[in-house]
Amino acid sequence: MTITALRPAKAPLRRSRNVEPFTIVSIVGASLFAVFAFLPLWMILAGSFTDETKLSSSGYSLWPHPFSTAAYSSIFAGSALWKAMVASLFITVVGTVIAATCTAGLAWVIARRVPRLSAALAVFGYIPMLFTGGLVPLYILVTQYLHLTNSWFSVILPAAVAPFLVFITVSFFSQLPSEILEAARVDGAGELRTFFSIVLPLSKPILAVIALFYAVHFWNEWFMALLFLSDAEKYPVQLVLQNLIASVANAAGMVPVSNNVAPVYQLRLALTVITIAPILVAYPFAQRYFVKGLTLGASKG
């Protein structure tokens, strides 16, 4: 045995990994952005649990002191919130289903490049991205021709198709494997059978993206409700919150009759938390499809 064989093997040299300045700047910038984005939400949440007298005298604070749940007790004890929640849920669920169905159907016809029809629908969808008819024609159409005054569909139908989401979906449909579609047609599947049995199951990422966009839009919609809903029993949560912010007198309708004084400032913050909570809860379920669907739908080739 040689002397060289008795020597212990040298440990492999480890290269020191130098962190690039751009990486450090990116991490610091993203962290600061996250803090600045989270801070207003935290102050709203903390303010909703702060006593009304403290809010009116000292304003917002990072910690709820003294702690109070008077606003939440007043909101949930009354009936106004539950009626508004029913209205918002109906508008969001039904509106998302209708809008996603219309968007997917229109995008599929455009992506199929049907002679004469696809080009006309593409122009029909592209024009609203440049300009619209305005508020007055919309109001006349909804109230005098469709007769949807005081109907939740007056909030849903004007936003049933978003041109931007239509063309994102068209781009996604154009990237589907043509071999699978041809095989379905060879097997005797018609257009509807191909669309519902082949195209839609393969399009879950983009469908989740457009459904999330539409759900957020319909959940946050209050202006259309302000225009077309005059019955306070049909107001969605967002319009109730807007009325509460616009006028302190509207706070009396949010609390039970037994309460003498409504905690106005605390009530606004608590209702804001209740308004944004469902979207924050629903977003993680669609997050795994969100990035994939948006990037695949936004790229071509």
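Note that the structure is predicted; figures quoted are calculated from it, not measured. (Residues numbered from 1 in each chain as written. Predicted model: local features only at pLDDT ≥ 70, side-chain atom pairs only at ≥ 80, totals over all residues. Heavy atoms only, no water.)

**Brief notes about the overall build of the protein**
Link 1 in the chain: Summing up its helical and strand segments, the protein has 15 helices and 0 strands in all.
Link 2 in the chain: Burial status across the protein gives 33% buried among its 301 residues.
Link 3 in the chain: Here the protein has roughly 18700 Å² of accessible surface; of this, 69% comes from carbon and sulfur atoms. (Helix = DSSP H or I, 4+ residues; strand = E, 2+ residues; numbered from the N terminus. Buried < 20%, exposed > 50% of the residue type's maximum accessible area, 1.4 Å probe, protein only. Areas by Shrake-Rupley, 256 points an atom, 1.4 Å probe, with all protein chains shown as cover.)

**Some details on the packing of aromatic side chains**
Link 1 in the chain: The full count for this structure, using the stated rule, is 14 aromatic pairs.
Link 2 in the chain: For the ring pair Phe49 and Tyr72, a centre distance of 4.8 Å and an interplane angle of 25 degrees mean the geometry is stacked. Here Phe49 is found in the loop between α2 (21-48) and α3 (52-58), whereas its partner Tyr72 is found in helix α4 (residues 70-77), with 23 residues between them in sequence.
Link 3 in the chain: Relative to Phe173, the ring of Trp108 has its centre 5.7 Å away and its plane inclined at 85 degrees; by these criteria the two rings are edge-to-face. Placement of Trp108 in helix α5 (residues 80-112) and of Phe173 in helix α9 (residues 163-174) is noted, with a sequence separation of 65 residues between them.
Link 4 in the chain: Look at Trp108 and you get buried, because its relative accessible area is 6%.
Link 5 in the chain: Take Phe173: its relative accessible area is 3%, and that puts it in the buried class.
Link 6 in the chain: Counting every residue linked through ring pairs, the aromatic cluster contains Trp108, Phe173, Phe195 and Phe196. (Phe/Tyr/Trp six-rings, centres within 6.5 Å; stacked < 30°, edge-to-face > 60°.)

**A few points about unusual backbone geometry**
Link 1 in the chain: Backbone torsion omega between His65 and Pro66 reads -5 degrees, so that peptide bond is classified as cis.
Link 2 in the chain: Here the phi dihedral of Arg116 falls at roughly 70 degrees; this positive angle occurs in a residue that is not glycine.
Link 3 in the chain: Positionally, Arg116 belongs in the loop between α5 and α6 (117-130).
Link 4 in the chain: Using a relative accessible area of 81% as the deciding quantity, one classes Arg116 as exposed.

**Thoughts on α2**
Since the α-helix packs 3.6 residues into each turn, any two residues three or four apart lie on the same face.
Link 1 in the chain: With 28 residues, α2 extends 41 Å from end C-alpha to end C-alpha; this agrees with the ideal 40 Å at 1.5 Å per step.
Link 2 in the chain: Helix geometry: α2 is bent most strongly at Leu39, by close to 25 degrees, with proline Pro40 lying one to four residues after it.
Link 3 in the chain: Listing the buried residues of α2 in full gives Ala46, Gly47 and Ser48. (Expected span 1.5 Å × (residues − 1). Bend = angle between axes of the 7 residues up to and from the residue.)

**Things to note about the side chain of Ser88**
Link 1 in the chain: Relative to the helices and strands, Ser88 is located in helix α5.
Link 2 in the chain: Judged by relative accessible area, Ser88 falls into the buried class, the value being 2%.
Link 3 in the chain: A distance of 3.3 Å separates a polar atom in the side chain of Ser88 from a polar atom in the side chain of Gln238. (Polar contact = N/O pair within 3.5 Å; in protein donor to acceptor, adjacent residues only side chain to side chain.)

**Examining the side chain of Ser118**
Link 1 in the chain: Secondary-structure assignment places Ser118 in helix α6.
Link 2 in the chain: Looking at Ser118, its side chain comes within polar contact range of the main-chain nitrogen of Arg113, at 3.3 Å.
Link 3 in the chain: Setting aside residues no more than four positions away along its own chain, Ser118 makes contact with Val109, Ile110, Arg112 and Arg113. (Contact = heavy atoms within 4.5 Å.)

**Re the environment of Ser197**
Link 1 in the chain: Position of Ser197 among the secondary structure elements: in helix α11 (residues 191-202).
Link 2 in the chain: Using a relative accessible area of 38% as the deciding quantity, one classes Ser197 as partly exposed.
Link 3 in the chain: The spacing of Ser197 and Ala184 is 13 residues in sequence and 9.4 Å in space, taken between C-alpha atoms.

**Examining the nonpolar core**
Link 1 in the chain: With 34 residues, the main nonpolar core has Ile75, Phe218 and Leu271 as its most contacted residues.
Link 2 in the chain: Looking at this core, the elements that each hand over two or more residues are α4, α5, α8 (153-156), α12 (204-220), α13 (223-228), α14 (237-246) and α15 (264-298).
Link 3 in the chain: For this core, the element with the most residues is α5, which contributes 6 residues.
Link 4 in the chain: Core analysis: the next-biggest nonpolar cluster, separate from the first, contains 17 residues, Ile110, Ala111, Phe173 and Val199 among them. (Core = buried A, V, L, I, M, F, W, Y, C linked by side-chain atoms within 4.5 Å.)

**Some points on the confidence of the model for the protein**
For residues with low pLDDT, the predicted coordinates do not support detailed interpretation.
Link 1 in the chain: Averaged over every residue, the pLDDT of the protein is 82; the share at 70 or more is 84%.
Link 2 in the chain: When mean pLDDT is compared element by element in the protein, α8 scores highest at 94, while helix α1 (residues 3-6) scores lowest at 51. (pLDDT = per-residue confidence, 0-100.)

**A word on the pattern of salt bridges**
Where charged atoms from two side chains of opposite charge come close, those side chains can pair.
Link 1 in the chain: Using the criterion set out here, one finds 3 salt bridges in the structure.
Link 2 in the chain: Here Arg112 and Glu191 are joined by a salt bridge, their closest N and O atoms 2.9 Å apart. Taken as a pair, Arg112 in helix α5 and Glu191 in helix α11 lie far apart in primary sequence, 79 residues in all.
Link 3 in the chain: Residue classification places Arg112 among the partly exposed positions, given a relative accessible area of 27%.
Link 4 in the chain: By relative accessible area, which is 39% here, Glu191 ends up partly exposed.
Link 5 in the chain: Its salt-bridge partner being Arg185, residue Glu182 comes within 3.4 Å of it at the nearest N-O pair. Within this pair, Glu182 and its partner Arg185 are both found in helix α10 (residues 178-186), separated by 3 residues, close to a single helical turn.
Link 6 in the chain: The class of Glu182 is partly exposed, set by a relative accessible area of 46%. (Salt bridge = Lys/Arg side-chain N within 4 Å of Asp/Glu carboxyl O.)

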